[in-house]
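The chain contents come next:
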Amino acid sequence: MTLTKWSIDPTHSEVQFKIKHLVITTVTGHFFNFSGDVEASENFDAINTNFEADINSISTNNEGRDGHLKSEEFFDVEKHPKLIFKSKGLKKTGEGEFNLSGDLTLKGITKNITLSVSYEGTATDPWGNVKAGFELNGKINRNDYGLNWSAVTEAGGLVVSDEVKIHANIQLVKQV
């Protein structure tokens, strides 16, 4: 089977996470600096991918919170500057729908996760570049990666939930 090489187009892609704060609202964060390469079959039912995000590029629209997330209590960017995902398998679950499994490394800890992937289509841009779009969703438990900081409210509730939702819209550009 012939695989085609693709790269993430960072100007038309976004990588987000969402986490509950005080169990009543959701805070959204973004990684602004990331890259990735993909090798895929023509219909994307076979895929190999490597993805990296620069933890220092994290933004939750709050400078103080972003600094806390970069500290030793959370990501510890001085020792662990990258979030890394390497695919291990792809399973078709429906028309244009897949489960992508792979190893996610955060803070030096690697765990297998599964992301649901929706293939949104392929198009050629006005400059002749072939692009493919995907939406990815998943969730992790932050404690599995040593992101254990927590505090408790007066009522006994957690300030930050353990579950982190992952969401990405990825546009790939075919390499010639």
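As the structure is a computational prediction, the values presented were derived from the model and not from experiment.

Observations concerning the packing of aromatic side chains
Okay, so step 1: Scanning the entire structure with this criterion turns up 7 aromatic pairs.
Okay, so step 2: Between Phe 44 and Phe 134 the ring centres are 5.0 Å apart and the planes differ by 75°, which places this aromatic pair in the edge-to-face class. Within this pair, whereas Phe 44 is found in the loop between strand E4 (34-40) and strand E5 (47-54), its partner Phe 134 is found in strand E10 (residues 130-141), the two being separated by 90 residues in sequence.
Okay, so step 3: In this structure Phe 44 comes out as buried when scored by relative accessible area, which is 3%.
Okay, so step 4: The buried category is assigned to Phe 134, whose relative accessible area is 8%.
Okay, so step 5: A centroid spacing of 5.3 Å and a plane angle of 40° characterise the contact between Tyr 119 and Phe 134, whose relative ring orientation is tilted. Of the two residues, Tyr 119 sits in strand E9 (residues 109-124) while Phe 134 sits in strand E10, which places them 15 residues apart along the sequence.

Quick word on the pattern of salt bridges
Okay, so step 1: What the rule picks out here adds up to 6 salt bridges.
Okay, so step 2: Put simply, Lys 131 and Asp 125 hold a salt bridge, and the shortest N to O gap is 3.8 Å.
Okay, so step 3: Judged by relative accessible area, which is 11%, Lys 131 ranks as buried.
Okay, so step 4: With relative accessibility at 16%, the residue Asp 125 sits in the buried group.
Okay, so step 5: Between Asp 162 and Arg 142 there is a salt bridge, with its nearest N and O atoms 3.7 Å apart. Residue Asp 162 is found in strand E11 (residues 160-174), and its partner Arg 142 is found in the loop between E10 and E11; the two are separated by 20 residues along the sequence.

Quick word on the nonpolar core
Okay, so step 1: Grouped together as the largest cluster of nonpolar side chains are 40 residues, with contacts concentrated most on Phe 31, Phe 75 and Leu 106.
Okay, so step 2: Residue contributions to this core peak at 5 residues, all from E11.
Okay, so step 3: Ignoring sequence-local partners within four residues, the contact set of Phe 31 consists of Val 15, Phe 17, Ala 53, Asp 54, Ile 55, Ser 57, Ile 58, Phe 75 and Leu 83.

Section: the pairing of E5
Okay, so step 1: Burial of E5 is one-sided: the residues Ile 47, Thr 49, Phe 51 and Ala 53 facing one way are buried, the residues Asn 48, Asn 50, Glu 52 and Asp 54 facing the other way are not.
Okay, so step 2: As paired elements, E4 and E5 share 7 bridges and run antiparallel to each other. In the strand pairing of E5, Ala 40 is matched with Ile 47.
Okay, so step 3: Note that E5 and strand E7 (residues 82-94) share 5 bridges and pair antiparallel. Residue pairing in the sheet places Glu 52 in a bridge with Ile 84 of E7.

Points about the pairing of E10
Okay, so step 1: The pairing of E9 with E10 spans 8 bridges and is classified as antiparallel. Across the sheet, Gly 121 pairs through a bridge with Gly 133, a residue of E10.
Okay, so step 2: Turn length for the E9-E10 hairpin, with the two strands adjacent in sequence and antiparallel, is 5 residues, and the turn residue Gly 128 shows positive phi of about 90°.
Okay, so step 3: Relative to E11, E10 runs antiparallel, the two being bridged by 11 bridges. Residue pairing for E11: Lys 131 is matched across the bridge by Val 173.

A short note on the environment of Lys 82
Okay, so step 1: Position of Lys 82 among the secondary structure elements: in strand E7.
Okay, so step 2: According to the relative accessible area criterion, Lys 82 is partly exposed, its value standing at 37%.
Okay, so step 3: Sequence-wise, Lys 82 and Gly 108 are 26 residues apart; in three dimensions their C-alpha atoms are separated by 9.1 Å.
Okay, so step 4: Beyond its immediate sequence surroundings of up to four residues, Lys 82 is in contact with Glu 52, Ala 53, Asp 54, Ile 55 and Thr 105.

Details of the environment of Asn 56
Okay, so step 1: With respect to the helices and strands, Asn 56 occurs in the loop between E5 and strand E6 (58-59).
Okay, so step 2: A residue is classified by how much of its surface remains accessible, and Asn 56, at 44% relative accessible area, is partly exposed.
Okay, so step 3: Distance from Asn 56 to Pro 81, taken between C-alpha atoms, is 6.7 Å for residues 25 residues apart in sequence.
Okay, so step 4: Residues in contact with Asn 56, not counting those within four places in the same chain, are Lys 70, Val 77 and Pro 81.

About the criteria used
Residues numbered from 1 in each chain as written. Predicted model: local features only at pLDDT ≥ 70, side-chain atom pairs only at ≥ 80, totals over all residues. Heavy atoms only, no water. Phe/Tyr/Trp six-rings, centres within 6.5 Å; stacked < 30°, edge-to-face > 60°. Helix = DSSP H or I, 4+ residues; strand = E, 2+ residues; numbered from the N terminus. Buried < 20%, exposed > 50% of the residue type's maximum accessible area, 1.4 Å probe, protein only. Salt bridge = Lys/Arg side-chain N within 4 Å of Asp/Glu carboxyl O. Core = buried A, V, L, I, M, F, W, Y, C linked by side-chain atoms within 4.5 Å. Contact = heavy atoms within 4.5 Å. Pairing = 2+ DSSP bridges.

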